[in-house]
Structure formats: structure tokens, C-alpha cells
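What the coordinates show
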Amino acid sequence: MFSFCSDPDTLEGAAWWACYLTTRKHLLFYSSFGTVLLLLVITAPAALTLGFGGAVASRSRFLPLAWLGKIYTSMVRGIPDVLFFLFVPLALDQGLEWIRHHLLCPEWAEPIRQDGNFVVCREAKLPLSSAPEWMHEIYGFLLAVVAFALVFGAFAANVLAGAMRAVPHGQLETAAAYGMSRAQVFWRILVPQMWVYALPGLSNLWQILVKATPLLFLLGVEDIVYWARELGGTKTSVYDYPHGDWRLYYFLVLLVFYLVLTKFSEMGFDRLTRRFSRGQKTIGSSSPTPA
Amino acid sequence: MKRLILSLLSLPLLAGAALAQDDVVRMGTEGAYPPYNFINDNGEVDGFERHLGDELCERAELNCVWVTNEWDSIIPNLVSGNYDTIIAGMSITPAREEVIDFTEAYIPPAPSSYLAMAGMNPDLENGVIAAQAGTVQADFVADSGATLVEYATPEETVAAVRNGEVDAVLADKAFVEPVANESGGQMVLVEDVRIGGGIGMGLRSSNDELRGQFNEVIVEMKQDGSLNELLVQWFGDEADTW
């Protein structure tokens, strides 16, 4: 990066560190922190949307829809999330390729499953093997996002369903007595009031989501754990900057990163709680409680 | 929902149609086994196999891109078509040949070595020996009577020796020799053994055309001496050559 970095063997002290910490590999490491934040930014609203849908579905009067909502929440609640993260991307990838295979290569005679391997025709591959590398990376990342959104959507559905039940029933009955329709009661009375009950659960969920992000590494996405392990490993003189086993220090950096992220999250949720508690008679509310 | 699925299916299709003309050969490697293949300080695949692979692709007029994959799933992902070749220091063995096909060897049969802490005198027959899972060395240790401890990456096998979890690690000499030389006398090579055949590129058995193309240029590089030059450049003057 700097002009004096052209011959790493001659470097010492601060110059060595300046060059070492700005190698392209390190820049990739730094930008992978962005990957993690991007995952959080995409997954959180997606999971919240899925969760809202799930909560509404499980309250539905239409029984099949209610069952669907309940199966969704209880299924994901009972299955270890690591299993889900391994299963969903694989199943989704193979499912899409299976559909494409049957659409695009109807004349293909060989079986798709051969000795435990999943083989589809070249045209059905996702992404196509001729696609540039960034498309492969985005595809892998998207599969991970779907898995995260599905799992955390189910958790969120649980939290939101509970929050909806926590809204005092009298509020809803009063609204109905005023002649509001079911939809009006739901959107005008129930939804605005449920957030404050949902918030503690949702903030927990956010924290779990933050802590689950290293699972990206498990899915083959080049995230911070991947680069920390790669950079920290012993480097012989075949590399420009030889060093011993530094994985400990790199993992320590990740540790600090997650601590800082937690601190900022807590601050954010404190503000949200104050915001949603306004004018409500709940714990955490700053408005005076009527006697 | 139906529209969503359709657009999901057709989007990459459209993108693919524009790109399908220039066929890309995806070269799959591990990126964790210097000097064969590793991720260099620019974050790119480097090493003997990177230089060999680029030269082979240029001679065969192929458009190659490099991808990395964990060692333990490197064969299944080749078969599934996630990449088209394995070029990752993989020894040609009968067991692997049942699943995939190999090109001509580009590295002649080379010694493997036991690496241990200096002054420890490990018992190679009955001791605890580390090896990377799914390697010819792991098979060798399992058959030798020693207790085999497998690790997913080469890095972890060496770390296990340093931590004292195992008495020694068995790996390709070209990988463990620099580790011993640069350990400041802490680690030493104990013994060499000859395992397995040469190292070749792995391809799907349905991909005979590509295998033919690579075979042609590998033979060409053996004959004009450029392969030997590359071997000496990466593995030193004592490297086995053709």
C-alpha cells in the first residue's frame, strides 16, 4: 500500500507493521467486517417481516393458516440452529438446481443422485460455472441470508405472538365497542401497542443474531472468522510477511469487535424502548403513571 | 409466488446466456498447503500449482479462474460441478480414481516426512501421529499401527505437534520442511517415507475432453523442461524432477 512496502524482507519495526497491516489480504479482512454488518442489516428486517407474518398467521381464524404459523414457529424453535444453517442453504441450492435441471435438461438420462453426490447438468448449475466469481460469492451470501431470515423469523414470530397477547384485552374490546372492524382494531390498536412488549424479546433476538453471524464461516462465506484464521495461521518465508501462529490475536480482535457491537446495540435498544413506551403504562416508560 | 420462482429461475439464465460463449474452467484448490497452494498476502491463490495451472491454461488456451474449497469436501464439490478441476497437491490413488479421473502426474512421487518437536524422539510405530484428514498420509498412519489423529487443515496438524497433543505429524516433505527450517531449531524432521504415486489434477470422469487438453500440455511441459524448472523453483534444487 505504501511506497516503502515494495521489499518486505528489508522492513523492520513500525514500517513492517504498517506494511503488514495494509496488505491486500488485510484489506479483505477489514472489508469482511462489512459483510457481517451487511448480513445483520439485511437479515434483521427480513426476519422481522417473516416473524410478523408468522405471528399474524398463528392468530388467524382460518385454521390451516394458523397451523402453518404454529408449525413454522415450533419447528424452528425445536431444531438446533446450526443444523438449520447447514440444511437450508444446501436444500435451497439443490432444490433450485433440481427444478432448473428438469426444466432445462429434459433429455438428461443419468440420475441426479450418483453415489451420494448431487449431479445436475451444466446448464442447471447455480450460478453457472461460467459466471464471474463475484456472482458465486453473492449467491452463497444470499443462501446464508435466507437461512438466517428463516430461523430468526421463527424466533421473532414467537416473540411477536406473545407481545400481541400481552396487549390488554380491554383495549381491543373498547375499540370493537367503538365500531372498529377487526382489521382496524388490529392495525390501529393492537400493533402500535405491542412493540413495547415485543422489544425486550426482540433485543435478545438481535443479540443472538449478532452472536450467530460467525456461522457464515460454516457456510463457506469469506467472513471475519475465515480471514482471521487465514491471516493468523503460521506463515513460512514463502509468504511476504512470515510470522508464527497468531490466530489467538486475530480471534481476540473479533472478540473486541463483538463486544463493541453489543455495546452499540444496547444503546440503540434503550432509545427504542423510550420511544415506544411514550404514553404507555408500562415498565420502562418515562411518562408518569396515573394514580 | 409463482412469478417470484420464475424470475429467480430466469435471472441467472439471462446473465448466463451472455457469458456462456467464453467457457470458463474453474480451478479448485485448497489454498492452505504451501508451497503447493496458498493464499498470498494479496489474498490471491499462489504457489507452485497456481503458476503451473496458469501456464497450463495459457498453453491450452483455456480461460481459467481460481476458487478455493475446504480439503474435506474438495472431491464431492468437484463431482457436483462447483468447479472443473482439483489442483491441490492431490496424490493419485486407486481409491480416488474410483470417483474421479486424474491427468498425467505433474509432480513425481515425492517423499513425506514426520515432523516433531526437537529432542522428543517420537515413537512412529506406536505413538500418536497427526495427519490431515483424507490424505494419503492419514491412510498410511492408520495402517502403520500408530494412533492417528486427523485434522481438517494442514495448519492444525502442525499446531497439534506444538501443543504436544500428538508426537509428530506426517505430511508432504515439501510442506513440513520449511516449517522445520524456520522454527528456529524447535522442530525437526524425523524420518522420510515414500507414500503414493505422483500428484495430478483431478477431473470429473465425464470430462474426458478437458482431461485430454490438460494431459497434452502437461506432457509438453515435461518434454521441454519447463515443468522441471518450475519444480526446482518451488521445491528447491533437491526436488524430484521428471
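The structure under discussion appears in the preceding block.
Nothing here was measured: the structure is a model prediction, and the numbers come from that model.

**A few points about the interface of chain A and chain B**
- The interface of chain A with chain B comprises 38 residues on the first partner and 37 residues on the second.
- The junction of chain A with chain B conceals about 3100 Å² of combined surface from both sides, 54% of it contributed by carbon and sulfur atoms.
- Applying the counting rule to chain A against chain B returns four salt bridges.
- For Glu44(B), the salt bridge is made with Arg24(A), and the minimal N-O distance between the two is 3.8 Å.
- On the surface where chain A and chain B come into contact, there are 12 residue pairs in polar contact (both at pLDDT 80 or more).

**Quick notes on the packing of aromatic side chains**
- This structure, assessed with the given rule, holds 27 aromatic pairs over all chains.
- Where Phe85(A) meets Phe148(A), the ring centres are 4.4 Å apart and the plane angle is 40°; that geometry is what we call tilted. Pair noted here: Phe85(A) is in helix α4 (residues 81-104) and Phe148(A) is in helix α5 (residues 133-166), with a separation of 63 residues, a long-range link. In terms of burial, Phe85(A) and Phe148(A) fall into one category: buried.
- Between the aromatic rings of Phe148(A) and Phe152(A), the centroid separation amounts to 6.3 Å while the plane-to-plane angle is 10°, which identifies the pairing as stacked. In this pair, Phe148(A) and Phe152(A) both sit in helix α5, four residues apart, roughly one turn of the helix. A single burial state applies to Phe148(A) and to Phe152(A), both of which are buried.
- In this structure an aromatic cluster arises from ring pairing among Phe29(A), Tyr30(A), Phe33(A), Tyr250(A), Phe257(A) and Tyr258(A).
- The side chain of Lys222(B) reaches across the aromatic face of Trp242(B), ending 3.8 Å from its centre.

**A short note on the packing of helix α2 (residues 24-59) of chain A against helix α3 (residues 63-78) of chain A**
Residues and elements named next belong to chain A.
- Viewed as axis vectors pointing N to C, α2 and α3 meet at an angle of 130°, and their least axial separation amounts to 7 Å. In this view, α2 runs oblique relative to α3, as classed from their interaxial angle. As α2 runs across α3, the sense of the crossing is left-handed. Only Leu65, Ala66, Gly69, Lys70 and Tyr72 of α3 make contact with α2, whose side of the interface consists of Leu50, Gly54, Ala57 and Ser58.
- Each residue belonging to the contact of α2 with α3 can be placed in one class, and the counts come to five nonpolar, three polar and one charged.

The rules behind the values
Residues numbered from 1 in each chain as written. Chains lettered and ligands numbered in written order. Predicted model: local features only at pLDDT ≥ 70, side-chain atom pairs only at ≥ 80, totals over all residues. Heavy atoms only, no water. Contact = heavy atoms within 4.5 Å. Buried area = accessible area lost by both parts, 1.4 Å probe. Salt bridge = Lys/Arg side-chain N within 4 Å of Asp/Glu carboxyl O. Polar contact = N/O pair within 3.5 Å; in protein donor to acceptor, adjacent residues only side chain to side chain. Phe/Tyr/Trp six-rings, centres within 6.5 Å; stacked < 30°, edge-to-face > 60°. Helix = DSSP H or I, 4+ residues; strand = E, 2+ residues; numbered from the N terminus. Buried < 20%, exposed > 50% of the residue type's maximum accessible area, 1.4 Å probe, protein only. Lys NZ or Arg CZ within 6 Å of the ring centre and 35° of its normal. Axes fitted to C-alpha atoms, helices over the stretch in contact; angles between N-to-C directions. Parallel < 35°, antiparallel > 145°, perpendicular 65-115°, else oblique. Left-handed = near helix turned anticlockwise from the far one by under 90°. Nonpolar A, V, L, I, M, F, W, Y, C, P; charged D, E, K, R; others polar.

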